[in-house]
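Descriptive analysis of the structure
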Amino acid sequence: MKTDFSLTTKYVDANPRKCRGCFGCRGIMACPKNAIGKVGSFWRRHSAFIDPGSCIGCMKCVKACRQNVFTKTVELEARQSNVEQLQIV
């Protein structure tokens, strides 16, 4: 069993506590770069980033997951907020 995985990329965070281990995980299927996969944890498998470096920040996993496992990283939200503030000025 592969044990190398991450719960964050520079664009998206994953919260495995929200993952229900859906058989047809929409987050995994939505990822165009195959950065997300199922990893084992005790008695069940949940979604995590198996290749976080390949994440391009498209947010397709964020939009696809019904359980809200994937969210924008706080750093990305802060950067976007700073850009929006600069554009207003």
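The rules behind these values
Throughout this description, residue numbers start from 1 for each chain and increase along the sequence as written. For a predicted model such as this one, the threshold for reporting local features is a pLDDT of at least 70, and the threshold for listing and counting side-chain atom pairs is 80 or more; totals across whole chains, interfaces and linings nevertheless cover every residue. The basis for every side-chain value is the complete set of non-hydrogen atoms in the structure, without hydrogens or water. Numbered from the N terminus, helices here are DSSP runs of H or I no shorter than four residues, and strands are runs of E no shorter than two. Buried residues are those whose accessible area, probed at 1.4 Å on protein chains only, stays under 20% of the maximum for their type, while exposed residues exceed 50% and partly exposed ones sit between those limits. Note on contacts: a residue pair is in contact if any heavy atoms of the two residues lie within 4.5 Å. Only the protein chains shown count as cover for residues, with accessible areas throughout obtained via the Shrake-Rupley method and a probe of 1.4 Å. Pairs of N or O atoms within 3.5 Å make up the polar contacts considered here, provided that, within protein, one atom can donate a hydrogen while the other can accept it, and that residues adjacent in sequence are counted only when both atoms are side-chain atoms. Only Phe, Tyr and Trp rings take part, Trp by its six-membered ring, and two of them pair if their centres are within 6.5 Å. Stacked means planes under 30 degrees apart, edge-to-face means over 60, and tilted covers everything else. What pLDDT expresses is the predictor's confidence in each residue, scored from 0 to 100. The residues that make up patches have over 30% relative accessible area and no salt bridge, and they are joined within 9 Å when like-charged or within 5 Å when they are Val, Leu, Ile, Met, Phe, Trp or Tyr. Note on definitions: salt bridges are taken to be side-chain nitrogens of Lys or Arg within 4 Å of carboxyl oxygens of Asp or Glu.

Turning our attention to the overall build of the chain. Counting secondary structure elements, the chain contains 3 helices and 4 strands. Overall, the chain shows an N-to-C arrangement of helices and strands of β-α-β-β-α-β-α. Counting every position in the chain, which comprises 89 residues, the buried fraction comes to 28%. Pairs at least 24 apart in sequence give 61% of the contacts found in the chain among residues at least 6 apart. Accessible surface, the chain: about 6,300 Å² in total, of which carbon and sulfur atoms supply 54%.

Our next topic: the side chain of Thr 73. Tracing the backbone through its elements, the reader meets Thr 73 in the loop between strand E4 (70-72) and helix H3 (74-88). A distance of 3.4 Å separates the side chain of Thr 73 from the backbone oxygen of Lys 10, its partner in a polar contact. Residues contacting Thr 73, with those up to four places away along its chain left out, are Thr 8, Thr 9, Lys 10, Tyr 11, Val 12 and Asp 13.

Now for the packing of aromatic side chains. Tallying each qualifying case throughout the model produces 1 aromatic pair. Relative to Phe 70, the ring of Phe 49 has its centre 5.7 Å away and its plane inclined at 65°; by these criteria the two rings are edge-to-face. You can see Phe 49 sitting in strand E3 (residues 44-49) and its partner Phe 70 sitting in strand E4, a full 21 residues away along the chain. Summarising the burial analysis for this pair, Phe 49 and Phe 70 share the class buried.

For Asn 34, which is not glycine, the phi dihedral falls at a positive 55°. Take Asn 34: its relative accessible area is 55%, and that puts it in the exposed class.

Once that is clear, we can look at the confidence of the model for the chain. The predicted model of the chain averages 83 in pLDDT, with 76% of residues at 70 or higher. The element-level mean pLDDT for the chain is lowest in H3, coming to 65, with helix H2 (residues 60-64) highest at 95.

What follows is about the side chain of Thr 9. On the secondary structure map, Thr 9 appears in the segment before strand E1 (12-14). Its relative accessible area of 8% is what places Thr 9 among the buried residues. Engagement of the side chain of Thr 9 in a polar contact is seen with the backbone nitrogen of Tyr 11, the distance being 3.0 Å. The residues contacting Thr 9, other than those within four sequence positions of it, are Phe 49, Pro 52, Cys 55 and Thr 73.

A word on a nonpolar patch on the surface. Among the surface-exposed residues, Phe 5, Leu 7 and Ile 50 lie close enough to one another that they form a single nonpolar patch of about 220 Å² accessible area. Using a relative accessible area of 31% as the deciding quantity, one classes Ile 50 as partly exposed.

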